[in-house]
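Understanding the architecture of this molecule
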Amino acid sequence: MKLSLTGKTAVVCGASQGLGLASARELALLGASCILLARNEKLLETAVASLDTSQGQQHNYYVADFSEPAKVKATIQAIVDDQFVHILVNNSGGPSSGPILAAEGGAFLKAFEMHVVCNQLLTQAVVPGMKATGYGRIIQIISTSVKVPIKNLGVSNTIRAAVANWAKTMANELAPFGITVNNVLPGAMTTDRLKSLFKATGEARGVPEETIAEEWRQEIPMQRFGDPSEFGAAVAFLASPAAGYITGINLPVDGGKTPSL
Ligand SMILES: NC(=O)c1ccc[n+]([C@@H]2O[C@H](COP(=O)([O-])OP(=O)(O)OC[C@H]3O[C@@H](n4cnc5c(N)ncnc54)[C@H](OP(=O)(O)O)[C@@H]3O)[C@@H](O)[C@H]2O)c1
């Protein structure tokens, strides 16, 4: 099975920590050079320094705020003016939690810009290079809410569905060029996002966050939360040559939690 990404360059978004960084780590272990995007420069510096370089990979970062799509567009343009990008991992911070009825209209617009508009601008910028080099992998980090909406995540559930449909449409358009477009759906992986959801849900119900964590753990058939590296491994596989005939799918990485096929 050909997994090597030696000589490939990956742009990984939302990669200063959490699942984006975990994905970059696994991509680097397969030999890819990674360009990390996020807002926190200090964390980005540390993240870049943590990536494998044993195969001569060269990693870099750009500070980018996905709530400012015009600036994200300028950033990705600067990147592709300089080099070919073979792998794009679309990812950003999750929308605030809460019931959908209580959500302000602006929250939907903000999340749509961060998750759909930015994906679109990034993809438009990297696809010409992918066509030119004959190698392209576009991977979205979304959520299992694409399959089954999650309680108390009204805005998120709505926007995740939009991203998944955007990706499937893009997959069909890019398939003739051998460029694959796939979504990886985290269940409950141990990152800051998960901790913030325990806290917000606990506050909403008036119970300690530890109680929420335990309730959620028991809902997972594997009876444990996922390690970010287990998520990154799925992203790295989809980015590899071995996954060349897989496109347009939603791949849950959730310990069996999603109660649907
Ligand atoms: N962890 C889970 O169990 C889980 C489950 C379902 C879905 N998800 C979703 O998967 C995605 C990644 O989750 P995670 O657990 O890795 O979250 P995380 O630990 O909170 O990390 C989020 C990453 O996105 C970046 N980011 C946040 N807002 C940004 C912005 N405006 N512009 C650019 N970058 C931004 C953050 O970096 P900076 O702060 O430096 O910008 C960070 O690198 C999120 O959309 C999350 O909702 C996660």
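All values reported here derive from a predicted model rather than from experimental measurement.

**Quick notes on the domain arrangement of the protein chain**
Once the domains are mapped, the protein chain shows domain 1 (9–188 + 228–252) and domain 2 (191–225). Computed from C-alpha coordinates alone, the two centres of domain 1 and domain 2 are separated by 25 Å. Listed as interface residues are 13 residues of domain 1 and, on the opposing side, ten residues of domain 2. Between domain 1 and domain 2 the total buried area reaches about 780 Å² when both faces are included, carbon and sulfur atoms providing 54% of it. Scanning the region where domain 1 abuts domain 2 turns up one salt bridge. Of the charged contacts in the structure, one is a salt bridge between glutamate 230 and arginine 224, with a shortest N-O distance of 2.8 Å. Our count for the contact surface shared by domain 1 and domain 2 stands at three residue pairs in polar contact (both at pLDDT 80 or more). Within the residue set of the side of domain 1 that touches domain 2, elements represented by two or more residues are α1 (18–29), α5 (154–174) and α8 (228–239). Residue composition of the side of domain 1 that touches domain 2, by class: five nonpolar, six polar and two charged.

**Description of the nonpolar core**
Core analysis: the biggest nonpolar cluster contains 34 residues, and Val11, Leu37, Phe66, Leu88, Leu122 and Ile138 have the highest contact counts within it. At the level of elements, β1 (9–13), β2 (33–38), α3 (69–82), α4 (105–133), α5 and β6 (179–186) are the ones that each hand at least two residues to this core. Residues contacting phenylalanine 66, with those up to four places away along its chain left out, are Cys13, Leu37, Val72, Asn91, Ser92, Glu113, Met114, Cys118 and Leu122. Grouped together as the second largest cluster of nonpolar side chains are 33 residues, Ala15, Leu27, Ala38 and Leu51 included.

**Focus on the pattern of salt bridges**
Taken as a whole and assessed by the stated rule, the structure comprises six salt bridges. A salt bridge links lysine 195 to aspartate 192; its shortest N-O distance comes to 3.6 Å. Of the two residues, lysine 195 and aspartate 192 both sit in helix α6 (residues 192–205), three residues apart, roughly one turn of that helix. Here aspartate 192 falls in the partly exposed class, since its relative accessible area comes to 42%. Across the pair lysine 199 and glutamate 203 runs a salt bridge whose closest N-O atoms are separated by 3.3 Å. With lysine 199 and glutamate 203 both in helix α6 and four residues apart, the pair spans about one turn of that helix. Owing to a relative accessible area of 57%, glutamate 203 belongs among the exposed residues under this scheme.

**Here's the deal with the packing of aromatic side chains**
For the coordinates displayed, the defined rule picks out two aromatic pairs. Both rings, one in phenylalanine 198 and one in tryptophan 216, keep their centres 5.2 Å apart while their planes meet at 75°; by these two values the pair is edge-to-face. Here phenylalanine 198 is found in helix α6, whereas its partner tryptophan 216 is found in helix α7 (residues 209–218), with 18 residues between them in sequence. Arranged with centres 5.5 Å apart and planes meeting at 50°, the rings of phenylalanine 198 and phenylalanine 225 form a pair that is tilted. Within this pair, whereas phenylalanine 198 is found in helix α6, its partner phenylalanine 225 is found in the loop between α7 and α8, the two being separated by 27 residues in sequence. Like phenylalanine 198, the residue phenylalanine 225 is buried in the burial classification. Through a chain of ring-to-ring contacts, three or more aromatic side chains come together here, namely Phe198, Trp216 and Phe225. In this arrangement the basic side chain of lysine 131 is found over the ring face of phenylalanine 177, its NZ or CZ atom lying 4.1 Å from the centre. Sitting above the plane of the tyrosine 135 ring, arginine 137 keeps its charged end 4.4 Å from the centroid.

Calculation rules
- Residues numbered from 1 in each chain as written.
- Predicted model: local features only at pLDDT ≥ 70, side-chain atom pairs only at ≥ 80, totals over all residues.
- Heavy atoms only, no water.
- Domains from an automatic or database assignment.
- Contact = heavy atoms within 4.5 Å.
- Buried area = accessible area lost by both parts, 1.4 Å probe.
- Salt bridge = Lys/Arg side-chain N within 4 Å of Asp/Glu carboxyl O.
- Polar contact = N/O pair within 3.5 Å; in protein donor to acceptor, adjacent residues only side chain to side chain.
- Helix = DSSP H or I, 4+ residues; strand = E, 2+ residues; numbered from the N terminus.
- Nonpolar A, V, L, I, M, F, W, Y, C, P; charged D, E, K, R; others polar.
- Core = buried A, V, L, I, M, F, W, Y, C linked by side-chain atoms within 4.5 Å.
- Buried < 20%, exposed > 50% of the residue type's maximum accessible area, 1.4 Å probe, protein only.
- Phe/Tyr/Trp six-rings, centres within 6.5 Å; stacked < 30°, edge-to-face > 60°.
- Lys NZ or Arg CZ within 6 Å of the ring centre and 35° of its normal.

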